[in-house]
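A structural walkthrough
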Amino acid sequence: APTWPAAIDELEDVMVLNTGYKSRGFSSHITPCSFSEFGVGRQTAAEWLRIGFHDMATTNVFFEPHGGIDGSIAFELQSGENIGAGFATSLTTYSSFFNTRLSISDLIALGVHASVRGCGGPVVPMRGGRTDATGAGPIGVPQPQNGQGVFVNQFTRMGFSIPDMIQMTACGHAIGGVHAGNFPEIVPVGSAPNDYHLFDTTLEFDNLIAVQYLNGPVSDPLSVGISVMNTRNSDFVVFNTDKNVTIKAMTGAPTFSSVCSSILQRMIETVPLNVQLSDVIAPYEVKPSGIQLTLLAGGTQIAFSGDIRVRTTTRTVSSVTITYKNRTGGAGGTITTTVAGTASGFDDSFTFYGFSSNIPAVSSISSFTVTVAETDGLTTTFSNNGGGFPVQDDVMVLGPQSCLSNGNLTVLAAVRSTAATPTLGITQKVPRAAATPVPSLAKATAAMVKGATVGPYDIYSASYIISSATGTKFGVSSGPSADDFKDASSLDSTCVPLGSSDPSSTSSSSTVSSTTSTSSTSKSSMSTTSTSSTSTSESVSTTSTSSTSSSTSATPTLGHKPIVGSYTFQGCYTEGTGMRALTGAVFYDYPAMTLEMCATNCAGFTYWGVEYGGECFCGNSLAPSSTLANLNDCNFICPGSQVEYCGAGNRLELYQLTSSTSSTSLSSSSSSSTVSSTSTSQSTTSTTAESSTSPTVAPTPSIVPSVGSYHYAGCYTEPSGVRALSSAFYPTDAQTIELCIAACGQTPYMYAGAEYGRECWCANAFSAGSNLVGDGDCSMVCAGNQLQYCGAGNRLSVYIRNGTTT
Ligand code: HEM
C-alpha cells in the first residue's frame, strides 16, 4: 500500500467510493450499465470506453513526444475523427472531478476501468499519475473506412501488434453500438431502435461480440449490413487480419475477460514517456479521511477530527482506535471512534469510523496509528508503512471563521507561531473556448495578514475575489506545511468569530451551532476557557459582521445547564455495565453537538444524555447499572456550544423529562424559520433564547419550501433503469437545496431534484415510472446543510420552476 498521503489519494477515493457515505458519485453516471443521463439511444459506459481509445489512438511510439492517454482529445473535438456527442459530455462529466490532485487523463483512464467493471467486465488494473496535454495532438484515430493495411499500420504506430489490435477492438466493441446519426453509412437512419444499433445483443461487457461474430446471429453493424457495401465494415476487416485466429481464441467467457483486462490495461497505460505511473491502485486497508485540526477558542485546545476509512471487504470490525503522538514524538493518547457510515465500490466495502477529540494545543499531535480490532479477536495496528499517519499542526484553516460572500473569499488560518509566514492559495476552474469542454486550472496566491495570537498560534487572514465557488479550491501553506484542498463551496456566507462557537471544519456545523448559542456567548466563553485570550476575541471578531449585540443581562457562562427545554439535569451518570445506559435511540454530531440538539433529537423520550462531546443517547428508562458519578467527571465542553458540558468518556450528561410540557410539538415551527434564513446572518435572526424559562429548541431538518422561482413539488421515486430527471447531474459534498436549484436554474430546467444527500438532478420532464410518494420518504439531510432534506436513496426532493403544478 502507498504511504499516506500519496499522490493517488484523490483518484483512489473517486475510484472506490461508489455509493454510500462520502461516495464520490463517479460511477453513478454509468449505473446501471445501460444508463445515460442524456436520454435514450446512448450508453455513457460505452462513451467512456470509446473516449479512452480515441485519446490513446493518436500515439506515435516512433517519435517524441509520443503522446498516449494525455487528455489531448479535449482539444480535438472538432476533428472529423471524433464524431459523436459522447466525447464532449464525457469530458464535461470528468471536468467536475478534475482538480489539482486528479488529471483529466487519469479520469479518462478511470472511465475505462469503471465502465468495463460497471458493465460486468473484468477489473482493468488502474494506475495513476497521468498529466494533461495543453493542446491538440496529431490526428490518427482509425476510421471505419480504412483498409486492413492502414489499421495494421495505425496500431503498430500506437505500439500494438495485429493480435493486440484485434483484441483491443473486440474488447472495445463489447459494449455500445453505432449511432445512425453519426454514421448513416453504417446504420441507416430509422433502422434501429432509437437509431442506436448495438454491437451484440446485450449492453453488458460480455464475450457475445466474439461469439456472435463467429457463430451468429451477427448483429455487429461494423461487420454486416450496409457497412459492407459502403466499405465501412471495420470489425470484419480487423478481425479477419489473421483469418479469425485471435478472435476465435477469445470466445470463452473467462478468456475474453482476462484478454480484455490485459489489453485494456495496456491501452490506458500508453502514456507519454515523461509520465511516471503509480503502482496498480488497490484500496487502502486503512485510510484517514477528512482529517482536520481546528484551533478552539482560547487557544489551549485543538479539535482533532475526521474519519478513519477501514476496508471491510474481508474483515468484520469490532472497534477502531487511534493512538497519537504529540508534536515532539512522545506519547499523546488514544481516541475511540464510532461508525460514521459505510460505503462501497465495485469490489470493496468500507466503514468510516468517525472521531473528534480535543487535544492540548501546546503538546499537540504529529502522527497517529490506527488499531483495528476484529470480531474474531484479531487486532491489527496500521502504522502507514512504519512512520504513522502524519498530521501537521503548523497551519490549520479555520473553516467556520472563513466565509464566502458575493465572490469575496475570506480565509482565516491559525499558524504556529514558530512556523513560516503563511500564504493563501486559490485554484479556480477557468472555462476554455467552447470547443474544449475542459477548464484550465488557474492558480493564485494572496499574502496573509497577521492578527491576534491565540495560545501557541497566530491568526492570519486574507481575502480574495473568486469568480465562482464551483470547483474552486483553497488552502493555506506555511513553509513545507499546508492545510489545503478545501472546497470554496463548503464555506458559509458568514464568518463566525473565533470563540462564539466551536470552530470545527464544516460549514454546516457552524450553521447549527450558531443558532443554538446566543450571540453574546463569545466573550464569556473566551474568558472561562482560557487565561490569555482577551486580545483574540476583539481582533478576530473584527472580521465578522454580527456578534456585538449581546449584553442581555445574563451572559451564559460555562456550566452544567439545569434545564434544557422540558428536561431537567439529573447529574453526571456512568454508562451501564455491558450495555448502554440509554438504548432508545442514538445520534452523533461530533463537530456541532449541543444539549439543545440532543433534546430535540430525543423529543418524546423520558431521558436523554450527551456523552463524549458528540454522542446523544435517548431512552425511556435508565439501565440499572448506570450510576451517578462525580459531577466533575462530565468535563467535555459541547462542540457546538462553549457554555455547555456534554458528558465525557463513559459519562453521560443526563437529562429527564420534567413534567407534562408538550416537548414534541415544539420543534417544527421555530426551526423552520431558522431554515428559511439558511446560512446567512445566523445570529441576528436566531431566537435569542432565554434558556431558563421558555424552552430552547434546537433546529431540526425540514423541507425547504421554495428557493427563488422554484417550489417544492414533493418526494419522487427513481424509475428502474433510468433516472427520473436525467438531463443534468451536479453532485457535490456541499449539496444544499439552494445549490441544486442554482445548478439546474442556469439552463433553466423545469425540475430540480436533490437525492441521496449530495446528488442533484435536473430535467424539463420526468422519465416514465417516477412516482410521487410521501414527503417522509425524502429523509436524508443535505450533505451541505443538515437543516434541509435532500431526498434519500432512490428518492428525490423535487422542485418545480414557476410554481407550475405537476
Ligand atoms: C479499427 C478500429 C476501430 C474502428 C474503426 C472503430 C469504429 C467505431 C465506430 C464507427 C463506432 C460508432 C460510433 C458512434 O456511432 O457513436 C464505434 C463505437 C465504439 N467504439 Fe470503436 N472502433 C475501433 C476500435 C475501438 C477500440 C480499440 C475501442 C476501445 C477499446 C473502441 C470502443 C468503441 C466503443 C465503446 C464504441 C461504442 C460507443 C457508443 O456506443 O456510444 N473502438 N467504433
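Just above sits the structure.
The structure presented is a predicted model; accordingly, all values stated were derived computationally and were not measured. (Residues numbered from 1 in each chain as written. Predicted model: local features only at pLDDT ≥ 70, side-chain atom pairs only at ≥ 80, totals over all residues. Heavy atoms only, no water.)

1. Looking at the coordination of the iron atom of the ligand
- Counting protein donors around the iron atom of the ligand gives one, His173 (NE2), at 2.1 Å.
- As for its placement among the helices and strands, histidine 173 is situated in the loop between helix 6 (162-172) and strand 2 (177-179). (Donors = N, O, S within 2.8 Å, 3.2 Å for Na, K, Ca; no water. Helix = DSSP H or I, 4+ residues; strand = E, 2+ residues; numbered from the N terminus.)

2. Let's talk about the nonpolar core
- One finds Leu91, Phe205, Leu264, Phe304 and Ile308 to be the most contacted residues of the largest nonpolar core, which totals 119 residues.
- With eight residues, the top contributor of residues to this core is helix 4 (residues 104-118). (Core = buried A, V, L, I, M, F, W, Y, C linked by side-chain atoms within 4.5 Å. Buried < 20%, exposed > 50% of the residue type's maximum accessible area, 1.4 Å probe, protein only.)

3. What to know about the pairing of strand 6 (residues 317-325)
- Summarising the sheet, strand 6 and strand 10 (residues 367-374) pair through eight bridges and their orientation is antiparallel. Counterpart to serine 319 in the pairing with strand 10 is alanine 373.
- Examined bridge by bridge, strand 6 and strand 7 (residues 331-336) share five bridges and lie antiparallel to one another. Across the sheet, the residue bridging to threonine 323 is threonine 334, located in strand 7. (Pairing = 2+ DSSP bridges.)

4. Considering the packing of aromatic side chains
- Summed over all chains, the structure comprises 21 aromatic pairs.
- These aromatic residues form a ring-pair network of at least three members: Trp4, Phe304, Phe355, Phe368 and Phe389.
- A cation over an aromatic ring shows up here: lysine 473 above the ring of phenylalanine 485, its NZ or CZ 4.0 Å from the ring centre.
- Above the plane of the ring of phenylalanine 35 lies arginine 723, whose end atom (NZ or CZ) is 5.5 Å from the centre. (Phe/Tyr/Trp six-rings, centres within 6.5 Å; stacked < 30°, edge-to-face > 60°. Lys NZ or Arg CZ within 6 Å of the ring centre and 35° of its normal.)

5. Focus on the packing of helix 1 (residues 9-16) against helix 4
- Two elements in contact, helix 1 and helix 4, have axes whose closest approach is 11 Å; the angle formed by their N-to-C orientations is 30°. As judged from the angle between their axes, helix 1 and helix 4 are roughly parallel. Note that helix 1 runs across helix 4; the crossing there is right-handed. Of the residues in helix 4, those touching helix 1 at Leu11, Val14 and Met15 are Asp106, Leu110 and His113.
- For the contact of helix 1 with helix 4, a count of residues per class yields four nonpolar, one polar and one charged. (Axes fitted to C-alpha atoms, helices over the stretch in contact; angles between N-to-C directions. Parallel < 35°, antiparallel > 145°, perpendicular 65-115°, else oblique. Left-handed = near helix turned anticlockwise from the far one by under 90°. Contact = heavy atoms within 4.5 Å. Nonpolar A, V, L, I, M, F, W, Y, C, P; charged D, E, K, R; others polar.)

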